[in-house]
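Results of the structural survey
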Amino acid sequence: MSLLEVDGLTKKFGGLVAVDDFSFEADEGEIVGLIGPNGSGKSTVFNCIMGRYDVTEGSIRFNGSDITDDATHEVVNKGLSRVSQESNPIHEMPVAGNIKLFTLPNKLTSFYGGATDEEIYEYAARIDIEDKLQEMPDELPHADVRRLEIAKSLATEPELMLLDEPFAGMNQAEITELADQIERFRQEGMTMVVVDHNMGGLMDLVDRIVVLNNGDFLAEGTPEEIAENEHVQEAYLAGEGL
Ligand SMILES: Nc1ncnc2c1ncn2[C@@H]1O[C@H](COP(=O)(O)OP(=O)(O)OP(=O)(O)O)[C@@H](O)[C@H]1O
């Protein structure tokens, strides 16, 4: 049994079929890359897994339990979390407060409880921003704002993390550093699915790549197999290429 099993997932927005009978799984300890041209449905798959979108058809199982119709907080409580494409820190709070918000029992009504300062330090240290805890998000360089998003996700103590374009806007040195940090999460026992447009940051990181095209499964294989796959190359011809 795989840790995450997406089976026959279909998501329609009115007449638009954004994801069409798509299946994939992630095994415990694996890093799976999910790639595809612009608009191929990658973020929609993540939104369906996280309970942000209602699933039109198909099923999603995590750790053997059916989470297809779960609300987002239920999915998070079961051990899944997502680092979204957009950064949305609360600008009036320092890094530590932003992380703490994700550990509060009910962040809308309570500022009591949640992680201790030591725990917040540990979450930040896992992604190397422990020396930025008192800084305001606006003072951080882009790569650290993205790391803060990852720290927020780590603060929910996930078993499986979905990362949506974690390398966007980063330079090569930052990409290499982040890829090393993600590899470290795997060694700590985390399973991850990483979405990207292209193979850039993924090639050395992921065990397996699944390719989506127009909402459909297109191919699956090692990064090397995918880079050489003719159908994948064709799908990318109109875009920016691999
Ligand atoms: N909330 C929504 N309402 C209507 N259509 C949507 C919605 N979200 C996504 N779509 C459509 O679903 C299709 C897939 O979009 P999605 O954002 O999942 O693709 P993607 O592969 O993540 O793209 P990108 O790489 O550009 O982020 C697109 O045609 C998009 O316009």
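Parameters and conventions
Residues numbered from 1 in each chain as written. Predicted model: local features only at pLDDT ≥ 70, side-chain atom pairs only at ≥ 80, totals over all residues. Heavy atoms only, no water. Near = heavy atom within 4 Å. Polar contact = N/O pair within 3.5 Å; in protein donor to acceptor, adjacent residues only side chain to side chain. Areas by Shrake-Rupley, 256 points an atom, 1.4 Å probe, with all protein chains shown as cover. Nonpolar A, V, L, I, M, F, W, Y, C, P; charged D, E, K, R; others polar. Helix = DSSP H or I, 4+ residues; strand = E, 2+ residues; numbered from the N terminus. Buried < 20%, exposed > 50% of the residue type's maximum accessible area, 1.4 Å probe, protein only. Contact = heavy atoms within 4.5 Å. Patch = residues over 30% accessible without salt bridge, like charges linked within 9 Å, V, L, I, M, F, W, Y side chains within 5 Å. Salt bridge = Lys/Arg side-chain N within 4 Å of Asp/Glu carboxyl O. Lys, Arg positive; Asp, Glu negative; His and termini not counted. Charge placed at Lys NZ, Arg CZ, Asp CG, Glu CD. Domains from an automatic or database assignment. Buried area = accessible area lost by both parts, 1.4 Å probe. Core = buried A, V, L, I, M, F, W, Y, C linked by side-chain atoms within 4.5 Å. Pairing = 2+ DSSP bridges. Axes fitted to C-alpha atoms, helices over the stretch in contact; angles between N-to-C directions.

The next subject is the site of the ligand. Taken together, 15 residues are adjacent to the ligand, and G39, K42, S43, T44 and H197 come closest. In this structure, S40 approaches the ligand through a main-chain N or O atom, which is 3.1 Å from an oxygen atom. Interatomic distance of 3.2 Å between a side-chain N/O atom of Y53 and a nitrogen atom of the ligand. Notes on the ligand: free accessible area 640 Å², of which the protein chains cover 65%. Class assignment of the residues belonging to the shell around the ligand gives a composition of five nonpolar, eight polar and two charged.

By the element assignment, T44 lies in helix α1 (residues 42–49). By relative accessible area, which is 12% here, T44 ends up buried. Filtering out sequence-adjacent residues up to four positions away, T44 remains in contact with K11, F13, A18, V19 and Y53.

Let's shift gears to a negative patch on the surface. A surface patch of negative charge is lined by D7, D20, D21, E25, D27, E28, E57, E159 and D216. Here the negative patch gets three residues from one element, more than from any other, and that element is strand β2 (residues 16–26). Among the residues examined, E57 registers a relative accessible area of 47% and is labelled partly exposed.

On inspection of all chains with the given rule, the structure shows 13 salt bridges. The salt bridge partner of R61 is E5, with a shortest N-O separation of 3.9 Å. In this pair, R61 sits in strand β4 (residues 57–62) while E5 sits in strand β1 (residues 4–13), placing the two residues 56 residues apart along the sequence. Its relative accessible area of 24% is what places E5 among the partly exposed residues. A salt bridge links R147 to E177; its shortest N-O distance comes to 3.4 Å. Of the two residues, R147 is situated in helix α5 (residues 142–154) and E177 in helix α6 (residues 172–187); the sequence distance between them amounts to 30 residues. Residues joined by salt bridges that share partners form a network here, namely K132, D144, R147 and E177.

It is worth spelling out the domain arrangement of the chain at this point. When the domains of the chain are assigned, the result is domain 1 (1–79 + 161–242) and domain 2 (89–157). For domain 1 versus domain 2, the distance between C-alpha centres works out to 25 Å. Taken together, the contact between domain 1 and domain 2 spans 17 residues of the former and twelve residues of the latter. In total, about 1200 Å² of surface goes out of reach between domain 1 and domain 2, with carbon and sulfur atoms giving 53% of it.

Let us look at the nonpolar core. As a rule of thumb, soluble globular proteins bury nonpolar side chains together. Membership of the largest hydrophobic core comes to 43 residues, with the highest contact counts inside it found for I99, I150, M161 and F167. In terms of residue count, α5 provides more of this core than any other element does, six residues in total. The residues that make up this core include at least three from each of domain 1 (1–79 + 161–242) and domain 2 (89–157). L9, F24, F62 and L162 belong to the second largest nonpolar core, which has 28 residues in total.

Our focus in this paragraph is the sheet that holds strand β3 (residues 31–35). Sheet strands pair via backbone hydrogen bonds, and the direction of the pair is either parallel or antiparallel. A sheet is described by the order of its strands in space; here six strands give the open sequence β6-β7-β8-β3-β9-β10, paired in mixed fashion. In this open sheet, the two strands that pair with only one neighbour each are β6 (80–83) and β10 (216–221). The average angle at which neighbouring strand axes cross in this sheet is 20°, direction not considered. In the packing of α1 onto the sheet, contacts are made with β3, β6, β7 (160–164), β8 (191–196) and β9 (208–213), and the angle to β7 comes to roughly 150°.

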